[in-house]
Amino acid sequence: MIDTRLTRLFGLTCPVVLSPMPGLADGRLASAVAQAGGLGIIGGGGCDANWIETQFREAGREAVGCGFVTWRLAQTPELLDRVLARRPRAIFLTHGDPRPFAPRIAQAKTRLICQVQDLHGAALAVEAGADVIVAQGNAAAGHSGARSTFTLLPEVADFLHREAHDTLLLAAGGITDSRGLAASLVMGADGVVMGTRLWASREGLGADHHARHVLRASGDDTKLTADADWPDHAAIRTLHNGSPESPASEGIGVIRDVPSVDEILAQMDQKASRLMVHAQRKVIR
């Protein structure tokens, strides 16, 4: 078992958090991640109160968190209180200023996770008192000032080391297997946030006919357009930030099976441990 500050904070056996993909990270998938030793998060980004309530019921007795797109939550702020009343394991905020919501989350003694795309966002998250900051790279890195995960991550790690040493750091964006987990840990992260790989599981896809398209996809298929010759391209494209306009995770090209969430996390943990030992042996002689 990989032991990090993340696993100790939440009592996990694997340093993996389910990305709160709107409409895809449902109660069943969040519950499966929690049962497998990760941190399950329901994707409440659409701020549909009835859907969120249904997903918490679907999660059953498993303790899971809930994620929101911050600017949408600002339009229905009462929804946060309804979710906090359920005593979620964490509130995961992304795409917006978390500070207006932070006092209510802290008052409820709930952990706050903030996903950021740049150093300015990291500073706002620290000011908000975030317990965990997620450095999320962009699949379109190199365009319009976007940052890739593995350029943003070490910079945020250095910032937190100087300004907020006790704040945990996670990596997100295209992390799909043990190599991504091991690399993230070596670069200063306490764990990772994963979406595509956990969605492409028996609990996420089940008998969904999209599974066959996921398994034959390559990273090039994240460039699909609305008129692409792909029957289910819309479902694949929504994987990145839950936006139909955004490409799927670039990690989709290494997904070649649809195992259970438990199998995914167990293999990731074991293989990442071996990879880090192997890398240490290669570097330290």
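Model, not experiment: these values are computed from the prediction.

Caption draft 1: Region of interest: the overall build of the protein. Summing up its helical and strand segments, the protein has 13 helices and eight strands in all. Looking at the protein as a whole, 52% of its 285 residues are labelled buried. Contacts in the protein between residues at least 24 apart in sequence constitute 58% of all its contacts with a sequence separation of at least 6. For the protein, the accessible area works out to roughly 13,000 Å², and carbon and sulfur atoms hold 49% of it.

Caption draft 2: Focus on unusual backbone geometry. The backbone of His95 shows a phi angle near 60 degrees, a positive value even though the residue is not glycine. Even without glycine at this site, Lys109 takes up a positive phi of about 55 degrees. With respect to the element layout, Lys109 can be found in the loop between α6 (102–107) and β5 (111–116). We classify Lys109 as exposed; its relative accessible area is 79%.

Caption draft 3: Main features of the pattern of salt bridges. Counted by the stated rule, this structure contains eleven salt bridges. Notably, a salt bridge pairs Arg104 with Asp81, separated by 3.2 Å at the nearest N-O pair. Residue Arg104 is located in helix α6, and its partner Asp81 is located in helix α5 (residues 78–84); the two are separated by 23 residues in the primary sequence. Judged by its relative accessible area of 24%, Arg104 falls in the partly exposed class. For Arg111, the salt bridge identified is with Asp131, shortest N-O distance 3.2 Å. Here Asp131 lies in the loop between α7 (119–128) and β6 (132–136) and Arg111 lies in strand β5, a separation of 20 residues in the sequence. Note on Arg111: relative accessible area 35%, which makes it partly exposed.

The rules behind each value
- Residues numbered from 1 in each chain as written.
- Predicted model: local features only at pLDDT ≥ 70, side-chain atom pairs only at ≥ 80, totals over all residues.
- Heavy atoms only, no water.
- Helix = DSSP H or I, 4+ residues; strand = E, 2+ residues; numbered from the N terminus.
- Buried < 20%, exposed > 50% of the residue type's maximum accessible area, 1.4 Å probe, protein only.
- Contact = heavy atoms within 4.5 Å.
- Areas by Shrake-Rupley, 256 points an atom, 1.4 Å probe, with all protein chains shown as cover.
- Salt bridge = Lys/Arg side-chain N within 4 Å of Asp/Glu carboxyl O.

Interpretation in functional terms is not warranted from these geometric data alone.
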